[in-house]
Amino acid sequence: GSPAGAITMLSVLILGAAGAHDRSAPPSSLSRSRVLQHQQQSTRGDALATVQCLRGGGGDKCDVILVGCGVPKRGMGWYHAKQMLDGDVPSATLTTVVEPWFLGQGKDSPPGQTFGVWAEEMSKAHGTKFCASLDEVSINGPTMALISGRTADNPRLLKEVIEKGCTAVYLEKPGAPTVKELEEMRAYANSKGVPVFMGYNKNVTPYVRKALEEAKKRPGSTTTYIHNNAYTEAELPECFERNAEGLLKNMAIHELALLATYWGVTVDTIESVTPDADFSRCLTLKGPSGEAFTDFSKAGFTIATKEGQQITLLIDRCGSDAGGNSVAIVSQDGGEVFRSETPDEELIQTVEAAAKADPDMMPYFFLQSDDYQVLKELTTSHVLQGKPGAPEGIATLDVAIDALKLAEYLTPTLQEALAVAK
């Protein structure tokens, strides 16, 4: 079968973002920005005139309010802020950072002090406003709220930023702890006409796009997505406790979002699920708190859809000894015909050099830096143009809901199959 949905426009941009910096050269934000700028100019056209009317000026940037920032070099929100302040997202201007903890009760803690120093520097350099609450935020013109806090706070924050007047929202995965909450959030956002984009970065990663293009050319082929983390056996109890929602809602949610976005896989379109009992492991481990957690350390299964497509997922917490990797494989007539992987050799070298130069930075920021840039550029450019819906390939709340439903459906299905296999 061929993946649902064309990916041409997305391909152009990702090709640019992935190939823009020659990986033998040091990574250059400038070259990536140029690619993104070129993409914008070519897709923006007449929309600028409309935006100027909306904004009452010649601005061609979408204002962004970051809600939840975290500690410099550690927090995902902080990294989003850094990319926008560094000019790596040409369509975005970060106007305001809302950080309730480090500008509130956590202000005097050591990380709070680190945050304070950074906030003061940014405020001087860029005029960015820093505040502890959304009450202090003012909104003029097209504005996207980028929410990067705790998953459990998202339902409340989504409502608050929309009430405040934000015209679009960008949420980190999985969006909310439960399907029910996601559905309530979708109903509310739809009632206000506000699009919600999800930060599922694998949707725009080059290894996924290349394999999709290959699969499209080969009717009857099957695709396998492999995702490896680098936990050791000894680290699993802590991992199980910290990610208590379970492997499928946490680590595999990226792949489930790919299935929902590109393959039209939902609980309703599944014909069958065939667990790979030899690959999979379900364990009950005692976490640091002394509480017991039952989860998969690895899970493998093949989904067949009613349209006759077959997709296999192999997800392993302990599958890598070098920081983790993801692979997409296209097979036909029982043999592998195509394979793409992230990180590739060049990206590994780029990341290693960057990590050496800045050892305090979370290594996965370097690894996924291009993806985060592409996600923010596609979404802010889309908001700026006042376009309906979502940019191509970008996950929406619909995809988030389908992915979480798949996780909730697959978890007991796999656990039962493994119990029988034993």
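Residues numbered from 1 in each chain as written. Predicted model: local features only at pLDDT ≥ 70, side-chain atom pairs only at ≥ 80, totals over all residues. Heavy atoms only, no water.

### Focus on the overall build of the chain
Turning to step 1, where the next piece is worked out: Assigned secondary structure in the chain consists of 14 helices and 13 strands.
Turning to step 2, where the next piece is worked out: The buried share of the chain, taken over its 422 residues, is 52%.
Turning to step 3, where the next piece is worked out: Once local pairs closer than 6 in sequence are excluded, the contacts in the chain between residues at least 24 apart make up 77%.
Turning to step 4, where the next piece is worked out: When the accessible surface of the chain is totalled, it reaches about 18,200 Å², and 51% of it is carbon and sulfur. (Helix = DSSP H or I, 4+ residues; strand = E, 2+ residues; numbered from the N terminus. Buried < 20%, exposed > 50% of the residue type's maximum accessible area, 1.4 Å probe, protein only. Contact = heavy atoms within 4.5 Å. Areas by Shrake-Rupley, 256 points an atom, 1.4 Å probe, with all protein chains shown as cover.)

### What about the confidence of the model for the chain?
Turning to step 1, where the next piece is worked out: Mean pLDDT for the chain: 87, with 86% of residues reaching 70 or above.
Turning to step 2, where the next piece is worked out: Here residues 4-58 scores under 50 on pLDDT; set against residues more than four positions off or in separate chains, the count is 99 contacts. (pLDDT = per-residue confidence, 0-100.)

### Quick look at the sheet that holds strand β3 (residues 129-131)
Turning to step 1, where the next piece is worked out: Taking strand neighbours across the sheet as the criterion, the 6 strands line up as β3-β2-β1-β4-β5-β6 in an open arrangement whose pairing is parallel. Because the sheet does not close on itself, it has two edges, and the strands there are β3 and β6 (196-198). Each adjacent strand pair in this sheet contributes to an overall mean axis angle of 25°, direction not counted.
Turning to step 2, where the next piece is worked out: Note that strand β1 (residues 62-67) and strand β4 (residues 143-147) share 5 bridges and pair parallel. Along β4, the bridge assignment pairs Val64 with Met144. (Pairing = 2+ DSSP bridges. Axes fitted to C-alpha atoms, helices over the stretch in contact; angles between N-to-C directions.)

### Digging into the environment of Arg218
Turning to step 1, where the next piece is worked out: Summarising the element assignment, Arg218 is placed in the loop between α8 (206-217) and β7 (222-228).
Turning to step 2, where the next piece is worked out: Separated by 119 residues in sequence, Arg218 and Val337 have C-alpha atoms that sit 9.7 Å apart.

### Quick notes on the layout of surface pockets
The rolling of a water-molecule-sized probe over the atoms marks out the regions of remaining empty space.
Turning to step 1, where the next piece is worked out: Approximately 200 Å³ is the volume attributed to the second largest pocket.
Turning to step 2, where the next piece is worked out: For the second largest pocket, the full set of lining residues is Arg186, Ala189, Asn190, Gly193, Val194, Pro195, Val196, Gly389, Ala390, Thr396, Leu397 and Asp398.
Turning to step 3, where the next piece is worked out: Of all elements in the fold, only α7 (179-192) and α14 (397-421) reach the threshold of two or more residues within the lining of the second largest pocket.
Turning to step 4, where the next piece is worked out: It is α7 that provides the largest number of residues to the lining of the second largest pocket, a total of 3 residues.
Turning to step 5, where the next piece is worked out: Residue composition of the lining of the second largest pocket, grouped by class: 6 nonpolar, 4 polar and 2 charged. (1 Å grid on protein atoms, 1.4 Å probe; cavity = no way out; pocket = protein on both sides within 12 Å on 5 of 7 lines; lining within 4 Å. Points joined across faces, edges and corners; volume = space filled by probe spheres on them. Nonpolar A, V, L, I, M, F, W, Y, C, P; charged D, E, K, R; others polar.)

### Looking at the pairing of strand β9 (residues 281-286)
Turning to step 1, where the next piece is worked out: Alignment of β9 against strand β10 (residues 292-305), held across 6 bridges, turns out to be antiparallel. Within β10, the residue paired with Leu283 across the bridge is Asp295.
Turning to step 2, where the next piece is worked out: Taken together, β9 and the strand that follows it, β10, pair antiparallel across an intervening segment of 5 residues, in which Gly290 is found at a positive phi of about 95°.

### Details of the packing of aromatic side chains
Turning to step 1, where the next piece is worked out: Scanning all chains against the criterion turns up 9 aromatic pairs.
Turning to step 2, where the next piece is worked out: By way of ring pairs, the aromatic residues Trp78, Tyr79, Phe102, Phe115, Trp118, Phe130, Tyr364, Phe365 and Tyr372 are connected into one cluster.
Turning to step 3, where the next piece is worked out: Over the aromatic face of Tyr188 sits the side chain of Lys159, whose NZ or CZ is 5.0 Å from the ring centroid.
Turning to step 4, where the next piece is worked out: Over the ring of Phe279 we find Lys298; its NZ or CZ atom is 5.0 Å from the centre of that ring. (Phe/Tyr/Trp six-rings, centres within 6.5 Å; stacked < 30°, edge-to-face > 60°. Lys NZ or Arg CZ within 6 Å of the ring centre and 35° of its normal.)

### Comments concerning the pattern of salt bridges
Turning to step 1, where the next piece is worked out: Evaluated as defined, the whole model comprises 16 salt bridges.
Turning to step 2, where the next piece is worked out: Taking the shortest distance from any N to any O, the salt bridge between Lys405 and Glu183 comes out at 3.4 Å. Here Lys405, found in helix α14, pairs with Glu183, found in helix α7; they are 222 residues apart in sequence, far enough to count as distant.
Turning to step 3, where the next piece is worked out: Residue classification places Lys405 among the partly exposed positions, given a relative accessible area of 33%.
Turning to step 4, where the next piece is worked out: Using a relative accessible area of 30% as the deciding quantity, one classes Glu183 as partly exposed. (Salt bridge = Lys/Arg side-chain N within 4 Å of Asp/Glu carboxyl O.)

### A closer look at helix α6 (residues 154-164)
Turning to step 1, where the next piece is worked out: All buried positions along α6 are accounted for by Asn154, Leu157, Leu158, Val161 and Ile162. Angularly, the buried residues of α6 cover 130° about the axis, an arc narrow enough to put them on a single face.
Turning to step 2, where the next piece is worked out: On its buried face, α6 sits against β1, β4, β5 (168-171), α7 and β6. (Arc of directions from axis to C-beta.)

### Thoughts on the nonpolar core
Turning to step 1, where the next piece is worked out: Of all hydrophobic cores here, the largest spans 67 residues; its most connected members are Val161, Val169, Leu171, Tyr225, Leu256, Leu259 and Trp263.
Turning to step 2, where the next piece is worked out: Per element, the largest residue contribution to this core is 11 residues, and it comes from α14.
Turning to step 3, where the next piece is worked out: Beyond its immediate chain neighbours, meaning those up to four positions away, Leu259 contacts Tyr225, Gly264, Val265, Ile303, Ile311 and Leu313.
Turning to step 4, where the next piece is worked out: Counting 40 residues, the second largest nonpolar core, distinct from the first, contains Cys69, Leu146, Met361 and Leu384. (Core = buried A, V, L, I, M, F, W, Y, C linked by side-chain atoms within 4.5 Å.)

### Focus on the packing of helix α12 (residues 345-357) against helix α13 (residues 363-384)
Turning to step 1, where the next piece is worked out: Running from N to C, α12 and α13 cross one another at 135°; their axes reach a closest spacing of 9 Å. Judged on the interaxial angle alone, α13 and α12 are oblique. In the crossing of α12 with α13, the sense of the turn from one axis to the other is right-handed. Where α12 abuts α13, its residues Leu347, Val351, Ala354 and Ala355 lie against Pro363, Phe366 and Leu367.
Turning to step 2, where the next piece is worked out: Across the contact of α12 with α13, the residue classes tally to 7 nonpolar, no polar and no charged. (Parallel < 35°, antiparallel > 145°, perpendicular 65-115°, else oblique. Left-handed = near helix turned anticlockwise from the far one by under 90°.)

### Details of a negative patch on the surface
Turning to step 1, where the next piece is worked out: A cluster of like negative charges, contributed by Glu341, Glu345, Glu346 and Glu352, occupies part of the molecular surface.
Turning to step 2, where the next piece is worked out: It is α12 that provides the largest number of residues to the negative patch, a total of 3 residues.
Turning to step 3, where the next piece is worked out: Take Glu345: it is sitting in helix α12. (Patch = residues over 30% accessible without salt bridge, like charges linked within 9 Å, V, L, I, M, F, W, Y side chains within 5 Å. Lys, Arg positive; Asp, Glu negative; His and termini not counted. Charge placed at Lys NZ, Arg CZ, Asp CG, Glu CD.)

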